[in-house]
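This is what each chain is made of:
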Amino acid sequence: MTAPRYDVLAIGNALVDVITTAEPEFLAEQGIEKGGMRLIDAHEAERLYRDMGAGREISGGSAANTCAGLAAMGVRSAFVGRVADDQLGAVFAHDIRATGVDYVTAANIGGPPTGRCLIVVTPDGDRTMNTYLGACQELAASDLDHDMVRDSAWLYLEGYLWDPIVPRTAMREAIAVARAAGRKVAFTLSDTFCVLGHRADFLELLEGHVDLMFGNENEVKALYETDNIEYALDELAKSATIAVVTRSEKGAVVLAGGDRHLVPAHPVAQVVDTTGAGDLYAAGFLAGLVAGRSLPDCAAQGALAAAEIISHYGARPEADLLELVRERFE
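Note that the structure is predicted; figures quoted are calculated from it, not measured.

Participant: I would appreciate a short explanation of the overall build of the protein in the present structure.
Facilitator: The helix and strand inventory of the protein stands at 12 helices and 14 strands. Scaling as 2.2 N^0.38, a compact globule of 330 residues should have a C-alpha radius of gyration of about 20 Å, and the protein matches this with 18 Å. Principal-axis analysis of the C-alpha atoms gives the protein an extent of 50 × 40 × 40 Å. Of the contacts formed within the protein by residues at least 6 apart in sequence, a portion of 74% connects residues at least 24 apart. Summed over its atoms, the accessible surface of the protein is roughly 13500 Å², and 49% of this surface lies on carbon and sulfur atoms. One finds the centroid of the 27 positive side-chain charges in the protein at a distance of 4 Å from the centroid of its 48 negative side-chain charges.

Written as structure tokens, this is what we have:
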């Protein structure tokens, strides 16, 4: 097998994040549940954007954030996701390429506009996400470059994009191409609403289709329809080749080959904004795998990247992640 061109190729929602701060009362007045993620239509997106305070706009989307984190740690990464041929689409494309990520997906001409995620951060650092998917849902199998998939050591897939059937079909095709080429596949559960909507599919993916699965404590409990995390971890260990379960300040659990590694969270002086914490954790973990680190060290690198991202607003690194990694592991 020839050496891959990319370490990680990710497929996910191409969104522009709009981040603002507000008191919990604002969410209550809007009828929005604090701390969750919900899908909204174009009308609701316009109304909420109007009512929100001034915000920061930056390209986002879960897998795109992971790619940006990977690039910041010196990992060769590429991203596949659909935007529209509009102003926000241009913002997304410029932004992600500027991080060092290869992005060549053609913009959608006509149809829905570029998707956006309206994020409200409360003083406790919690983030509430209101997502209009727009052009993201137009991603199709025809957008896949099979040679690019074959030329990537890891294929990383975002659970958020599993909901619309057209992108789901594209991701299933990408999995088949990657596995036929002997490449590795990673998948993130993304959110409990994704798990509740596609539980059977996600359990099927664990049975020989993916090599690495990421999820947080609540997502994994939803996957096995239980409130008992120990039961959920035991069940997950039966199916997963490698599984990483994040538990916020309690650290993470890595399951692999009958082993269970408990890895603490990286200390952070103040939690400012948890947007992108899971995305950057995945970036750190995957970067550790690419570097050939042990699974506990991969988890520690994930915790380091997540700690950096929650120490400021936004889901893109502000500190030199590569230097932080070198200080910690080299």
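Participant: I would appreciate a short explanation of the sheet that holds strand E11 (residues 212-216) in the present structure.
Facilitator: Strand pairs in the sheet, formed through backbone hydrogen bonds, run parallel or antiparallel to each other. Overall, mixed pairing links the nine strands, which are arranged E6-E5-E1-E9-E10-E11-E12-E13-E14 in an open sheet. Each edge of the open sheet is held by one strand with a lone partner, namely strand E6 (102-103) and strand E14 (259-263). As defined by bridge partners, strand E1 (residues 6-11) adjoins strand E9 (residues 152-158) across five bridges and the pair is classed as parallel. Residue Ile11 lies in a different strand from E9, and its bridge partner there is Leu157. On the sheet, helix H11 (residues 295-309) packs against strand E12 (242-246), strand E13 (252-256) and E14 and is oriented at approximately 30 degrees with respect to E14.

Participant: Which parts of the structure should I look at to understand the pattern of salt bridges?
Facilitator: According to the stated counting rule, one finds 21 salt bridges in the structure shown. Lys34 is the partner of Asp126 in a salt bridge, and the nearest nitrogen-oxygen pair spans 3.1 Å. Linking Asp126 in the loop between strand E7 (115-121) and strand E8 (127-132) with Lys34 in the loop between helix H1 (24-30) and strand E3 (37-39), this pair joins segments that are 92 residues apart in sequence. Judged by relative accessible area, which is 23%, Asp126 ranks as partly exposed. You can call Lys34 partly exposed: its relative accessible area is 33%. Close ionic contact of Glu230 with Arg260 constitutes a salt bridge, the shortest N to O distance being 2.9 Å. Placement of Glu230 in helix H9 (residues 229-239) and of Arg260 in strand E14 is noted, with a sequence separation of 30 residues between them. Taken together, the shared-partner salt bridges connect Arg38, Glu44, Arg47, Arg50 and Asp51 into one network.

Participant: Just to check I follow, could you spell out H9 for this structure?
Facilitator: The periodicity of an α-helix, 3.6 residues per turn, causes residues three or four positions apart to be oriented the same way. Taken together, the buried positions of H9 are occupied by Ile229, Ala232, Leu233, Glu235 and Leu236. Taken end-on, H9 shows its buried residues confined to a sector of 165 degrees, consistent with a single buried face. Looking at the buried side of H9, the elements it contacts are helix H7 (192-206), helix H8 (217-223), E12, E13 and E14.

Participant: Hey, could you run me through the state of the cysteines in this one?
Facilitator: By definition, a disulfide links the sulfur atoms of two cysteines through a covalent bond. Counted by the stated rule, this structure contains zero disulfides. We note that Cys298 lacks a disulfide partner, and the nearest cysteine sulfur, in Cys67, lies 17 Å from it.

Participant: What is the right way to look at the packing of helix H6 (residues 165-180) against H7 in this model?
Facilitator: Packed helix pairs are characterised by how far apart their axes lie and by the angle those axes make with each other. The interhelical angle for the contact between H6 and H7, taken along N-to-C directions, is 10 degrees, at an axis separation of 13 Å. In this view, H6 runs roughly parallel relative to H7, as classed from their interaxial angle. Contact with H6, carried on its side by Arg168, Arg172 and Ile175, involves His198, Asp201, Glu204 and Leu205 of H7 and no other residues of that element.

Participant: Looking at this model, I keep getting lost on the pairing of E13. Mind explaining?
Facilitator: Within a regular strand, the side chains alternate between the two sheet faces. Of all five residues making up E13, five are buried, and the element is well covered by its neighbours. Burial of the side chains of E13 extends over both faces: Ala252, Val254 and Ala256 are buried on one face and Val253 and Leu255 on the other. Pairing analysis gives five bridges linking E12 to E13, with the strands arranged antiparallel. Its bridge partner lying in E13, Ile242 is registered against Ala256. The antiparallel pairing of E13 with E14 creates a hairpin that spans two residues between the two strands, and Gly257 there sits at a positive phi of about 55 degrees.

Participant: Would you take a moment to explain the environment of Leu70 for this structure?
Facilitator: Turning to its location among the elements, Leu70 is positioned in helix H3 (residues 62-72). Judged by relative accessible area, which is 0%, Leu70 ranks as buried. Residues Leu70 and Val185, spaced 115 residues apart in sequence, show a C-alpha to C-alpha distance of 16 Å. The residues touching Leu70, leaving out its near neighbours within four places in the chain, are Val8, Val75, Ser77, Ala283, Leu286 and Ala287.

Participant: Help me understand the UniProt feature "domain: Carbohydrate kinase PfkB" (unreviewed entry) in the protein, please; the structure alone is not making it clear to me.
Facilitator: In the numbering used here, UniProt assigns the "domain: Carbohydrate kinase PfkB" (unreviewed entry) feature to residues 56-317. Between the C-alpha atoms that bound residues 56-317 there is a distance of 15 Å. The span itself is 40% helix and 21% strand.

Participant: Got a minute to help me understand H3 in this structure?
Facilitator: The element H3 is extensively covered by neighbouring structure, given that 10 of its 11 residues are classed as buried. What H3 keeps buried is the set Ser62, Ala63, Ala64, Asn65, Thr66, Cys67, Ala68, Gly69, Leu70 and Ala71. After H3 finishes, the residue Gly74 shows a positive phi value of roughly 80 degrees.

Participant: How should I be thinking about the nonpolar core in this particular structure?
Facilitator: Most often, soluble globular proteins have nonpolar side chains that are buried together. Residues Ile11, Leu155, Phe187, Phe202 and Leu236 are the most contacted members of the largest nonpolar core, which totals 52 residues. Ranked by residue count, the leading element in this core is H6, at six residues. Apart from residues lying up to four places away in sequence, Leu155 is in contact with Leu9, Ile11, Ala174, Ile175, Ala178, Lys184, Val185 and Ala186.

Parameters and conventions
- Residues numbered from 1 in each chain as written.
- Predicted model: local features only at pLDDT ≥ 70, side-chain atom pairs only at ≥ 80, totals over all residues.
- Heavy atoms only, no water.
- Helix = DSSP H or I, 4+ residues; strand = E, 2+ residues; numbered from the N terminus.
- Rg over C-alpha atoms; globule rule 2.2 N^0.38 Å.
- Contact = heavy atoms within 4.5 Å.
- Areas by Shrake-Rupley, 256 points an atom, 1.4 Å probe, with all protein chains shown as cover.
- Lys, Arg positive; Asp, Glu negative; His and termini not counted.
- Charge placed at Lys NZ, Arg CZ, Asp CG, Glu CD.
- Pairing = 2+ DSSP bridges.
- Axes fitted to C-alpha atoms, helices over the stretch in contact; angles between N-to-C directions.
- Salt bridge = Lys/Arg side-chain N within 4 Å of Asp/Glu carboxyl O.
- Buried < 20%, exposed > 50% of the residue type's maximum accessible area, 1.4 Å probe, protein only.
- Arc of directions from axis to C-beta.
- Disulfide = S-S within 2.5 Å.
- Parallel < 35°, antiparallel > 145°, perpendicular 65-115°, else oblique.
- UniProt positions renumbered as here; feature names shortened; annotations may be inferred.
- Core = buried A, V, L, I, M, F, W, Y, C linked by side-chain atoms within 4.5 Å.

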